[in-house]
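A look at the structure
Take a look at the letters that make up each chain.
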Amino acid sequence: MTSNTRVVVIGAGLAGVRLARRLGELGTPALLVGEEEHAPYNRVLLAEVLAGRYAPEVIALPPPAGLLRTRVTGIDRAARAVTCADGTRIAYDALVLATGSNPVLPPLRGLFTPGHQLPEGVHAFRTMDDCLGLAEAVRPGVRTVVIGGGLLGVSAARALAVRGAQVVLAQQAERLMERQLDPDASRLVLRHLTELGVEVHTECRVRDVRCVAGAVRSVELADGYALDADLVVLACGVRPRTGLAEQAGLAVRKGVLVDDELRTSDPRVHAIGDCAQHDGTVYGLAAPALEQADALAELLAGDARARYTGTRSLTRLTLTGPDSPFDLAAFGETEPLPGDDVVRIADATRGTYRKVVVRDDRLVGGVLVGELGTVGALARAWEGAEPLPDDGPLLHLLTNDGGS
């Protein structure tokens, strides 16, 4: 690509903004097209805005040079142009899909009004508008049900509890954050939420949202038990936003399929971030999105050697409570296979927990709750995927507080 190349990026989230800024720094300016009315922001920190810890402007991203606020409605690959809802037609030499993901809305009875709108009091938790709508609705004592006990649901429940809401969290799986944490770490998260006043129900399935005059009044579980609710938060995961790609005839499975150059099935169209599927994986995390943006910026700016070969990403969450923050981090395989070695250090009094899994002298995963001083050293050992030294490194990695 040359400095005269017209690069158009659809999506003004973390990945799109990072790509546009890096391209500008490399002398290949891009036009960023985003449909949200708010300035680009760090979606990872929305729970902190909901909790009242940050004002919305605090999580704003540094704005790129070119930003057009409109919604892209179609891609004309033959003419190499995109069409927008306001009638604008934009030509491109290289097009990048950074369209992110949509919240999963569960198939519950009563969830949608006749106009296909969520009932009053029912909120998804994905965008700044979702966050501000919840922040306006929450007040001390308001009865709130959070549906979903993954990373997003735990973050939302904590934020609402800090704001004084009466929170019940309903999780279909047997424990909280079951995709990232082992049972011991999950129990510590449960304890933290319980200390904040959150009532947690696991292994329960929500089947119905009961409304009166278009406003939510209760949530009914599969066993018939009803939870009174003034607010309901849907935190049931996200799904890659692939509609534009599918309409344009690009190859899509779970996400938009891309190769190591982040090219789709059309070599002039690329995809990064939550909407992209690379080597069978849709990451849905910030770190891979940023790495993909950096690699693609190098490629589009003319470095033919640049490649994206995957990310070994660490999940990290800080839950701020009234007394002190509660930190956790998880990476790789946190549950051992037969024959794996496991080192575990737990302190029930302090609420800390550290565990690593070793396979064939290599660190393959770990989880830390409470004190994260060793997380940097552990993550580097895991990312390197090299044999561990023979001089007792695991105890050192688990107890040495340097290198974070």
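The present account deals with the structure reproduced in this document. (Residues numbered from 1 in each chain as written. Predicted model: local features only at pLDDT ≥ 70, side-chain atom pairs only at ≥ 80, totals over all residues. Heavy atoms only, no water.)

1. Some words on the pattern of salt bridges
Any two side chains of opposite charge can pair if their charged atoms end up close together. Tallied over the full model, the rule gives 28 salt bridges. For R187, the salt bridge identified is with D184, shortest N-O distance 2.3 Å. With a gap of 3 residues between them, R187 and D184 both fall in helix α5 (residues 183-195), about one helical turn apart. D184 gets classed as partly exposed once you look at its relative accessible area, which sits at 28%. Where R263 meets D259, a salt bridge forms, and the shortest distance between an N and an O atom there is 2.9 Å. (Salt bridge = Lys/Arg side-chain N within 4 Å of Asp/Glu carboxyl O. Helix = DSSP H or I, 4+ residues; strand = E, 2+ residues; numbered from the N terminus. Buried < 20%, exposed > 50% of the residue type's maximum accessible area, 1.4 Å probe, protein only.)

2. Some remarks on the sheet that holds strand β4 (residues 72-76)
Strand order in the open sheet formed by 3 strands is β4-β5-β6, with antiparallel pairing between adjacent strands. With partners counted over all chains shown, the strands left at the sheet margins are β4 and β6 (89-91), one partner each. On average, each strand axis in the sheet is inclined to that of its neighbour by 20 degrees, with strand direction left out of account. Of the pairings in the sheet, the one linking strand β5 (residues 81-84) to β6 comprises 3 bridges and is antiparallel in character. Counted as the bridge partner of A81 is A91 from β6. (Pairing = 2+ DSSP bridges. Axes fitted to C-alpha atoms, helices over the stretch in contact; angles between N-to-C directions.)

3. Side note on the side chain of D130
Position of D130 relative to the elements: it lies in helix α3 (residues 128-137). The charged side chain of D130 is buried without a salt bridge, its nearest counter-charge being R43 at 6.9 Å. Among all residues touching D130, those that are not within four sequence positions of it are H123, A124 and F125. (Lys, Arg positive; Asp, Glu negative; His and termini not counted. Contact = heavy atoms within 4.5 Å.)

4. Observations concerning the packing of helix α1 (residues 14-25) against helix α7 (residues 286-300)
In contact at an axis separation of 8 Å, α1 and α7 are set at 30 degrees when each is read in the N-to-C sense. Comparing the axis directions of α1 and α7 gives the class roughly parallel. When the axes of α1 and α7 are compared, the crossing they make is right-handed. Here L14, A15, R18, L19, R22 and L23 of α1 lie close against α7, whose contacting residues are A286, A289, L290, A293, D294, L296, A297, E298 and L300. Of the residues that constitute the contact of α1 with α7, the class distribution is 11 nonpolar, no polar and 4 charged. (Parallel < 35°, antiparallel > 145°, perpendicular 65-115°, else oblique. Left-handed = near helix turned anticlockwise from the far one by under 90°. Nonpolar A, V, L, I, M, F, W, Y, C, P; charged D, E, K, R; others polar.)

5. Some details on the pairing of β5
As paired strands, β4 and β5 are joined by 4 bridges and run antiparallel to one another. Along β5, the bridge assignment pairs D76 with A81. Here β4 hands over to β5 after 4 residues, with R80 in that stretch at a positive phi of 50 degrees. The antiparallel hairpin formed by β5 and β6 contains 4 residues in its connecting segment, where G87 sits at a positive phi of about 90 degrees.

6. Concerning unusual backbone geometry
Residues other than glycine seldom take positive phi values, yet M177 does so here, at roughly 50 degrees. Here M177 is to be found in the loop between β11 (166-170) and α5.

7. What about the environment of E48?
Mapped onto the secondary structure, E48 falls in helix α2 (residues 46-50). Spatially, the C-alpha atom of E48 lies 9.1 Å from that of I59, the residues being 11 residues apart in sequence. A polar contact is formed between the side chain of E48 and the side chain of R158, at a distance of 2.7 Å. (Polar contact = N/O pair within 3.5 Å; in protein donor to acceptor, adjacent residues only side chain to side chain.)

8. Structural notes on the state of the cysteines
Think of a disulfide as a covalent bridge from one cysteine sulfur atom to another cysteine sulfur atom. Applying the stated criterion to the full structure yields 0 disulfides. For C131, which is in no disulfide, the shortest distance to another cysteine sulfur is to C236 and amounts to 18 Å. Left without a disulfide partner, C275 is nearest to the cysteine sulfur of C84, which lies 17 Å away. For C275, a relative accessible area of 0% puts it in the buried group. (Disulfide = S-S within 2.5 Å.)

9. A short note on the nonpolar core
With 46 residues, the main nonpolar core has L19, L95, L97 and I272 as its most contacted residues. Tallying contributions element by element places α7 first for this core, with 7 residues. Residues within four places of L19 in sequence aside, it is in contact with V9, V96, I272, A293, L296 and A297. Within the second largest apolar cluster, 44 residues are counted, among which are V49, M177, A185 and F326. (Core = buried A, V, L, I, M, F, W, Y, C linked by side-chain atoms within 4.5 Å.)

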